[in-house]
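Chain residues, written in single-letter form:
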Amino acid sequence: MHCLFLGIAKWIVKKIWIDEGVLTPDILKKVQKKMNEFKVPSDLGRIPGKVDCGDSFSNFTADQWRMFFTIYATVSLWDHLSSNDRKILNHFVRICLILVNRIVEIDSMKEAHQRLIKIVKLIEANYGRDKITLNLHLSLHLCECAYDYGPLYAFWCFSFERMNGVLGIVFFVSYLKK
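Computed from a predicted model, the values in this text were never measured in an experiment.

Rules of the game
Residues numbered from 1 in each chain as written. Predicted model: local features only at pLDDT ≥ 70, side-chain atom pairs only at ≥ 80, totals over all residues. Heavy atoms only, no water. Core = buried A, V, L, I, M, F, W, Y, C linked by side-chain atoms within 4.5 Å. Buried < 20%, exposed > 50% of the residue type's maximum accessible area, 1.4 Å probe, protein only. Helix = DSSP H or I, 4+ residues; strand = E, 2+ residues; numbered from the N terminus. Contact = heavy atoms within 4.5 Å. Axes fitted to C-alpha atoms, helices over the stretch in contact; angles between N-to-C directions. Parallel < 35°, antiparallel > 145°, perpendicular 65-115°, else oblique. Left-handed = near helix turned anticlockwise from the far one by under 90°. Nonpolar A, V, L, I, M, F, W, Y, C, P; charged D, E, K, R; others polar.

Peer 1: Before we move on, could you go through the nonpolar core and cite the residues and values that matter?
Peer 2: Counting residues in each nonpolar core, the largest one holds 49 residues, and the members touching the most others are Trp 17, Phe 68 and Phe 69. Residue assignment for this core shows that the elements contributing at least two residues are helix H1 (2-18), helix H2 (25-36), helix H3 (62-77), helix H4 (83-99), helix H5 (106-127) and helix H7 (142-149). Here this core takes 10 residues from H1, the largest share from any one element. If near-sequence neighbours (up to four positions away) are discounted, Trp 17 is found in contact with Ile 12, Val 22, Leu 23, Leu 77, Leu 81, Asp 85, Ile 88, Leu 89 and Tyr 127.

Peer 1: Can you explain the packing of H1 against H3? Please cite residues and give values.
Peer 2: Each pair of packed helices gets described by two things: the angle between the helix axes and the distance between those axes. Between H1 and H3, the least distance of the axes is 9 Å, while the angle of their chain directions is 45 degrees. Between H1 and H3, the angle is such that the two are oblique. Between H1 and H3 lies a crossing whose hand is left-handed. Between H1, through Phe 5, Leu 6, Ala 9, Lys 10, Val 13 and Trp 17, and H3, the contact on the second element is made entirely by Ala 62, Trp 65, Arg 66, Phe 69 and Leu 77. The class makeup of the residues in the contact of H1 with H3 is 9 nonpolar, no polar and 2 charged.

Peer 1: So what's going on with the packing of H2 against H3? Residues and values would help.
Peer 2: Two numbers describe how H2 lies on H3: the axes approach to 9 Å, and their chain directions differ by 120 degrees. Relative to H3, the element H2 is oriented oblique. Both H2 and H3 take part in a crossing whose hand is right-handed. Where H2 abuts H3, its residues Val 31, Lys 34 and Met 35 lie against Phe 68, Tyr 72, Val 75, Ser 76 and Leu 77. Per-class residue counts for the contact of H2 with H3 are 6 nonpolar, 1 polar and 1 charged.

Take a look at the structure:
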């Protein structure tokens, strides 16, 4: 999940859309305004923080990137992207929706793999070969991992990482009391 969300999701938004000027600070304010209109059930996890302040999308966890792309991204970004970037977004959201399921069919895994290939080709065609990263290559092996070990849901570590955060705060507070 780190490859998919901290590697690719974060990279698409920051290194392609923000660094290439697709998402400007003014657009990010509009995106944030649209996101603020959402009413999301609390049991879905932490809602992503502000995207329009400081270092945009700073300190998003993999789980927050998952939430952003599976819930917010299409509605909040669509009007601000070119048709090629919309294709990238569309493919990536569908990939995320397939790969985060608890039960995944083989045909869906094949679809996710084909969409990953299309994303790589779209990025290369629209932003140049230099924008292709190792994480994009590694993502082409996610389906193989799912074939070998089951759905990615079965072996991702979001809850373990949350516990690390809780333990880190407990340790820090106890350190301050000394």
